[in-house]
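Okay, here's what each chain looks like letter by letter:
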Amino acid sequence: MEKRNVTVLKCPVDILSLDEALSCTVNAVKNNQNFHVITINPEMIMNAQKNSDFFEIIKNSDLNIPDGVGVEIALKLKKVGQQRIRGIDFSRELLKSASENGFRVALVGAKEDVIQKAKENILAKYPDLNIVYSRNGYFSNDDEIINELKNTKPQILLLGLGSPAQEEFIAKAKNQLSGCAMVGVGGSFDVFSGIVKESPVIFRKLGLEWLYRTALQPERIKRIFPVLPIFLLKCIMNTDKD
Ligand code: UDP
């Protein structure tokens, strides 16, 4: 598969469908390879502009799925027609595929009651899913968790610590685990648990998911503004250079 043919503010973004993203992730696991998937959004791209270590992680990952309507607009400015792939949709499909393929799965992130409820709901949906490890995302010693993962040998790791912590953790874990696809899922466990409501389809179709989330969690406004407008402005100014 042809990958990494577009950059947005120097960050590689993969142009592909949800099915293609899923099949290359599953193939990597079947071939016993480690595979780091980032669901890349404007906040991450803006962070990479000032954080060179994070920029390196984004450059060295295996797949950067375009998430966030801002990335879709940035690609449109480059005349690249790519529909964004919602991170949570990718995670759902990956869990379904893990269940069908009998992959060992680890779920790490969110608060204790949230991850417990998320696990329960995920198992209700995929009763055959082999969850070999799960724990909350509030820990101070990454190495301890990496050791537990080494012992339980997951083939799929969904990690919801928020960015950049989840990407930094995966970059560290990548050399130590084997045959594992690792995906930073942000706040997806909050949604899987039912504690945070998923935006209604109409908001998703209009690309206004961010507006819905901000209305539910007004404290998020500080994260979106001014990051999103500056991101778009930078993209407009850099369309030819990038
Ligand atoms: N979180 C965590 N450990 C931490 C800080 C945050 O597990 O030390 C979790 C938090 O409970 C939430 C997720 O990380 O479930 C971050 O969600 P957010 O909506 O901020 O992430 P986004 O989807 O915007 O990247």
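That block above? That's the structure.
**Some thoughts on helix H1 (residues 18-30)**
Inference 1: Between its terminal C-alpha atoms H1 stretches 18 Å, which fits the 18 Å expected from 13 residues at 1.5 Å a residue.
Inference 2: Of all the residues in H1, the buried ones are Ala-21, Leu-22, Cys-24, Thr-25, Val-26, Ala-28 and Val-29.
Inference 3: Taken together, the buried residues of H1 touch strand E3 (35-40), strand E4 (63-66), helix H5 (87-101), strand E7 (156-160) and strand E8 (181-184).
Inference 4: Positioned one or two residues after H1, Asn-32 has a phi angle of 65°, which is positive.

**As for the nonpolar core**
Inference 1: Core analysis: the largest hydrophobic core is formed by 35 residues, its most contacted members being Phe-90, Leu-95, Leu-107, Ile-156, Leu-158 and Phe-189.
Inference 2: In this structure Leu-95 touches Val-105, Leu-107, Ile-122, Tyr-126, Leu-129, Leu-158 and Phe-192, once residues within four positions along its chain are discounted.
Inference 3: One finds Val-13, Ile-40, Met-44 and Ile-45 within the second-largest nonpolar core, a separate group that totals 23 residues.

**Things to note about the site of the ligand**
Inference 1: Close to the ligand lie 14 residues; Ala-110, Gly-137, Gly-187, Asp-190 and Arg-223 are nearest.
Inference 2: Gly-187 is positioned such that a nitrogen or oxygen atom in its backbone is 2.9 Å from an oxygen atom of the ligand.
Inference 3: Between Asp-190 and the ligand, the recorded distance is 2.8 Å, taken from a side-chain N or O atom to an oxygen atom.

**Considering the state of the cysteines**
Inference 1: Tallying each qualifying case throughout the model produces zero disulfides.
Inference 2: The thiol of Cys-235 is not disulfide-bonded; the next cysteine sulfur, from Cys-11, is found 9.8 Å away.
Inference 3: With a relative accessible area of 7%, Cys-235 lands in the buried category.

**Points about the side chain of Gln-166**
Inference 1: Structurally, Gln-166 can be placed in helix H8 (residues 165-174).
Inference 2: Within the local environment of Gln-166, its side chain forms a polar contact with the side chain of Glu-167, the two groups lying 3.1 Å apart.
Inference 3: Ignoring sequence-local partners within four residues, the contact set of Gln-166 consists of Met-44, Leu-159, Gly-160, Leu-161, Gly-184, Val-185 and Gly-186.

**Concerning the packing of aromatic side chains**
Inference 1: Applying the stated criterion to the full structure yields three aromatic pairs.
Inference 2: With a centroid separation of 6.4 Å and an interplanar angle of 50°, the aromatic rings of Phe-189 and Phe-192 are classed as tilted. You can see Phe-189 and its partner Phe-192 sitting in helix H9 (residues 188-192), three residues apart, about one turn around the helix.
Inference 3: Among the residues examined, Phe-189 registers a relative accessible area of 1% and is labelled buried.

**Quick word on unusual backbone geometry**
Inference 1: Between Ser-163 and the following residue, Pro-164, the backbone shows a cis peptide bond with an omega angle of 10°.
Inference 2: Considering the arrangement of structural elements, one finds Pro-164 in the loop between E7 and H8.
Inference 3: Even without being glycine, Leu-9 reaches a positive phi, approximately 45°.
Inference 4: Here Leu-9 lies in the loop between strand E1 (6-8) and strand E2 (11-13).
Inference 5: You can call Leu-9 buried: its relative accessible area is 5%.
Inference 6: The phi dihedral of Lys-79 is positive, around 65°, even though this residue is not glycine.
Inference 7: Using a relative accessible area of 75% as the deciding quantity, one classes Lys-79 as exposed.

**Some remarks on the pattern of salt bridges**
Pairing between side chains becomes possible if they bear opposite charge and their charged atoms approach one another.
Inference 1: Under the criterion given, the structure shown has 13 salt bridges.
Inference 2: A salt bridge links Glu-43 to Arg-223, with the nearest nitrogen and oxygen atoms 3.2 Å apart. Of this pair, Glu-43 sits in helix H2 (residues 42-50) while Arg-223 sits in helix H12 (residues 221-224), and the two are 180 residues apart along the sequence.
Inference 3: For Glu-43, a relative accessible area of 29% corresponds to the partly exposed category.
Inference 4: When its relative accessible area of 42% is taken as the criterion, Arg-223 is described as partly exposed.

About the cut-offs
- Residues numbered from 1 in each chain as written.
- Predicted model: local features only at pLDDT ≥ 70, side-chain atom pairs only at ≥ 80, totals over all residues.
- Heavy atoms only, no water.
- Helix = DSSP H or I, 4+ residues; strand = E, 2+ residues; numbered from the N terminus.
- Expected span 1.5 Å × (residues − 1).
- Buried < 20%, exposed > 50% of the residue type's maximum accessible area, 1.4 Å probe, protein only.
- Contact = heavy atoms within 4.5 Å.
- Core = buried A, V, L, I, M, F, W, Y, C linked by side-chain atoms within 4.5 Å.
- Near = heavy atom within 4 Å.
- Polar contact = N/O pair within 3.5 Å; in protein donor to acceptor, adjacent residues only side chain to side chain.
- Disulfide = S-S within 2.5 Å.
- Phe/Tyr/Trp six-rings, centres within 6.5 Å; stacked < 30°, edge-to-face > 60°.
- Salt bridge = Lys/Arg side-chain N within 4 Å of Asp/Glu carboxyl O.

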